[in-house]
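# Tertiary structure, described
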Amino acid sequence: MELVEEGPFRYRIDPHEGMRVPGIVFASRELLADAEQSLEQVVHVAALPGIVAASYAMPDIHWGYGFPIGGVAATDADDGGVVSPGGVGFDISCGVRLLAADCDGEALRPALAEIMDGLDRAIPRGAGPGGVWRPDGAGELERLLAEGSRFAVERGYGEERDLLRCEDGGAVADADATQVGQRARERGLVQVGSLGSANHFLEVQQVSDVYDDTTAAAFGLAPGQVCVMIHCGSRGLGHQICTDHVRLMDRAMARYGITVPDRQLACTPVDSPEGRAYLGAMAAAANYGRANRQLLSDAAREVFRRATGARLSLVYDVSHNLAKIETHEVDGVRRQLCVHRKGATRAFPPGHPELPEDIREFGQPVLIPGTLGTASYALAGVAGGGAFYSTCHGAGRTMSRHQAARSITGSQLRARLRQAGIAARPKSWRGLTEETPEAYKDVDAVVAVSEGAGLCRRIARLVPLGVVKG
DNA sequence: ATGTGC
């Protein structure tokens, strides 16, 4: 792949092979070495009808279904632009929530084992059914899909202030539950308030570094402070919605005269019945994902309250797998675009009207989950953020799950975490080996490059004290 | 990511 170095940590792939726009890859030379194969997917995405500006790749890019994970693509509906479920991914609305405790690590230490045991009992996780709340039939699921975190808070799982610190106030307005199929509903009904498996986790963390005292304080973060980070998505419901709508679009594509370089890029115009149906179902899954994180926050709060009386207040909740209709200025013209972010986090700049009033001047909080036993980050959006105000979402895999599981045994991993002073409560030690840190890129490098490329800035770094995983 | 692989 021919890459033109355009600026610091910014590379361009010039249009060829049916590309309508260039590819723009944000990376260092080291990170590019891991990205080589997935750049082909950046090229494929650049061929989508109606794509605007560029097919972007974040520094944590890796191979995904159709689109790369770490990809950003915006399309213009008025210019034949399409929407593609592959541009969001199977885990619709997968995202991260960070809660700040009113105590520091030193104070928490004596109660840590008790808290971890409490979380071990309170947090449903792993594949299959099980959640903290079983909606009372189809009516409640319907409201959950329409109202997201708002409904969870209304039902007593949280406080009104939580909603102010959620992307979209905790619910997107354009959810259309009629486009969520029966199987998706059945799977979703029994998984409300559950973590899932793979790289999803709930961690008790401590702030290890602060890079901007003022912004950190405004976000509610200080050196040494205890936090809880939750990384999860929309479970089987989102997965089923993606499966269903990929199939529908795959069949419909030809009728719109659309051809794509990879069948996994199945798409239809944003303004088509199929496009609107997907966006409506996707928004319902987005609300499910937010409610899921809200319910797990409530479960964690209860454990902390009982163990030490500590309170957890929400810093922010943001997704990294979503398509959204947003207004952006392109070459001096304001346009309504369908922005696909897949393994990429929205990072609105300071002053953006959609940000909570009390932190608006600092830019949107961006939450980056680390991999097992490594650091996580709180970042902030910056003015001029290159890729439709998006940045990285995490470390990004370099090893397959199979490869990772062969590289270390459960007991070796267990010993390492214990040595690092991290209290782990996995559902199974065997399953955890797929998540060994060597299977991922270095999150510190990914975040440093994202900042260097002008996509975001670092606010605080967090390290794990305890981890709950599927 | 996922009642993991058509």
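Numbering of residues starts from 1 in every chain and runs along the sequence as written. The naming scheme follows written order: chains are lettered A onward, ligands numbered 1 onward. Totals for whole chains, interfaces and linings use every residue, but because this is a predicted model, local features are given only for residues with pLDDT of at least 70 and side-chain atom pairs only at 80 or more, for both listing and counting. Heavy atoms throughout the structure, all of them, feed into the side-chain values; hydrogens and water do not.

## So, the UniProt feature "binding site: Mn(2+) 1" (unreviewed entry) in chain A
UniProt positions are given in the numbering used here, feature names are shortened, and annotations may be inferred rather than shown by experiment. Here the UniProt-annotated "binding site: Mn(2+) 1" (unreviewed entry) positions come out as Asp91 and His200. In summary, the annotated positions, though distributed over 110 residues, converge in three dimensions, the widest C-alpha pair being only 11.0 Å. The subset of the named residues that lines the largest pocket consists of Asp91 and His200. In DSSP terms, a helix is any run of H or I states spanning at least four residues, a strand is any run of E spanning at least two, and both are numbered starting from the N terminus. Along the chain, Asp91 falls in the loop between strand S6 (82-83) and strand S7 (95-104). Any two residues whose heavy atoms approach within 4.5 Å at even a single point are treated as in contact. Those residues in contact with Asp91, other than ones at most four positions away along the chain, are His200, Gly233, Ser234, Arg235 and Asn321. Under the rule applied, a polar contact is a pair of N or O atoms within 3.5 Å (in protein, one hydrogen donor and one hydrogen acceptor; residues adjacent in sequence only if both atoms are side-chain atoms). Within polar-contact distance, the side chain of Asp91 engages the side chain of His200 at 3.1 Å. Counting through the fold element by element, His200 comes out in the loop between helix H7 (182-189) and strand S8 (201-210). If we ignore the near neighbours within four places in the chain, the residues touching His200 are Asp91, Cys94, Leu195, His231, Cys232, Gly233 and Lys469. Using protein atoms alone on a 1 Å grid, points that fit a 1.4 Å probe yet trap it form a cavity, whereas open point sets bounded by protein on both sides within 12 Å along at least five of seven lines form a pocket; residues with an atom within 4 Å of a point count as lining.

## Brief notes about the protein's contact with DNA strand B
Taken together, 16 residues lie around DNA strand B, and Arg187, Gln191, Ser197, Ala198 and Asn199 are the ones closest in. A distance of 3.1 Å separates a base oxygen of DNA strand B from a polar atom in the side chain of Arg183. A distance of 3.0 Å separates a phosphate oxygen of DNA strand B from a polar backbone atom of Ser197. Contributions of two or more residues to the surface near DNA strand B are made by H7 and helix H9 (235-252). Nearness of a residue to a molecule or strand requires only that one of the residue's heavy atoms be within 4 Å of it.

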